[in-house]
Amino acid sequence: MKKQLNLNVNGQDYEVEVEANRLLLQVLRDTLDLTGTKEGCSIGVCGACSVILDGRLVSSCLTLAAGCEGKKIETIEGLAKDGKLHPLQQAFIEYGGFQCGICTPGQIMAAKSLLDENPKPSEEEVKEWMSGNLCRCTGYYKILESVMAVVDGKTDPNYAFRKRETTAKIQSLDVYKSVAKTSSD
Ligand code: FES
Ligand code: FES
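Small disclaimer: the values here were computed from a predicted structure and weren't measured. (Residues numbered from 1 in each chain as written. Chains lettered and ligands numbered in written order. Predicted model: local features only at pLDDT ≥ 70, side-chain atom pairs only at ≥ 80, totals over all residues.)

Caption draft 1: Summary view of the nonpolar core. With 37 residues, the main nonpolar core has Leu24 and Ala65 as its most contacted residues. Those elements that place two or more of their residues in this core are strand E1 (2-9), helix H1 (24-31), strand E4 (56-59), helix H2 (87-94), helix H3 (104-117) and helix H5 (141-151). At five residues, the largest contribution of residues to this core is made by H5. For this core, the two domains that each supply at least three residues are domain 1 (1-78) and domain 2 (81-185). Once you skip the residues sitting within four places of it in the chain, Leu24 turns out to touch Val51, Ser60, Thr63, Leu64, Ala65 and Cys68. (Core = buried A, V, L, I, M, F, W, Y, C linked by C-beta atoms within 7 Å. Buried ≥ 20, exposed ≤ 12 C-beta atoms within 10 Å, placed from the backbone. Helix = DSSP H or I, 4+ residues; strand = E, 2+ residues; numbered from the N terminus. Domains from an automatic or database assignment. Contact = placed C-beta atoms within 7 Å.)

What follows is the structure in structure tokens.
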């Protein structure tokens, strides 16, 4: 049975007619064409479909669209304003917080929901909060680095290519040098 719904997504009202059992993820992507929200596991485990509903982070693959009427839905499409990226989007680009990008909208929405509540979380708090968002590509460090860059005010809106000078990189070069030296001895 179809149901008439009024959904408020990123501040805009949408009238939709959908089956009563349609999930928010399906309505966002298939009915409203807001395909920024991704589908990964479909069972509430990976966090790829994360959106913010009335200020709370939810898995849209587990949320009935019919239950969202009268609530404020925030998706990745609503973050950039007036052609300017949200600081989290900026940071993920600047600090390389993604590779294939499938998990990225969910990661960013998860981080946003944390920073909306607590703009100055510790690294441990970020790790704990983001533990529900899985990534098959990045190894997580760059995601953490991206979020902490926003927390610490280290993003640069005029960023072109950030010089990477991390201790880890220098250390790994030293390891290569010592291996090369040993093998040529
Ligand atoms: S697709 Fe919803 S949690 Fe994985
Ligand atoms: S960037 Fe590919 S799954 Fe996270």
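Caption draft 2: Local environment of unusual backbone geometry. Although it is not a glycine, Asp33 sits at a positive phi angle of roughly 65°. Despite not being glycine, Ser42 has its phi angle at roughly 70°, a positive value. Of note, Ser42 is situated in the loop between H1 and strand E3 (50-53).

Caption draft 3: Fine view of H3. Here H3 contains 14 residues, and its C-alpha end-to-end distance of 20 Å stays within 8% of the 20 Å for a straight helix at 1.5 Å per residue. Of all the 14 residues making up H3, ten are buried; the element is thus mostly covered by neighbouring parts of the structure. Buried within H3 are the following residues: Thr104, Pro105, Gly106, Gln107, Ile108, Met109, Ala110, Ala111, Lys112 and Ser113. Elements in contact with the buried residues of H3: E3, E4, H2, helix H4 (123-129) and H5. (Expected span 1.5 Å × (residues − 1).)

Caption draft 4: Layout of the pairing of E3. Examined bridge by bridge, E3 and E4 share four bridges and lie antiparallel to one another. Looking at the pairing, Ile52 lines up with Leu57 of E4. Here E3 pairs with strand E5 (residues 72-74) via two bridges, running antiparallel. Each bridged residue has a counterpart across the sheet, and for Leu53 the counterpart in E5 is Ile73. (Pairing = 2+ DSSP bridges.)

Caption draft 5: Highlighting the sheet that holds E1. Read from one edge of the open sheet, five strands run E2-E1-E5-E3-E4, paired in mixed fashion. Both edges of this open sheet fall to strand E2 (12-19) and E4, since each of them pairs with a single strand only. When the angles between neighbouring strand axes are averaged without regard to direction, this sheet yields 40°. Across eight bridges, the pairing between E1 and E2 is antiparallel. Within E2, the residue paired with Leu5 across the bridge is Val16. (Axes fitted to C-alpha atoms, helices over the stretch in contact; angles between N-to-C directions.)

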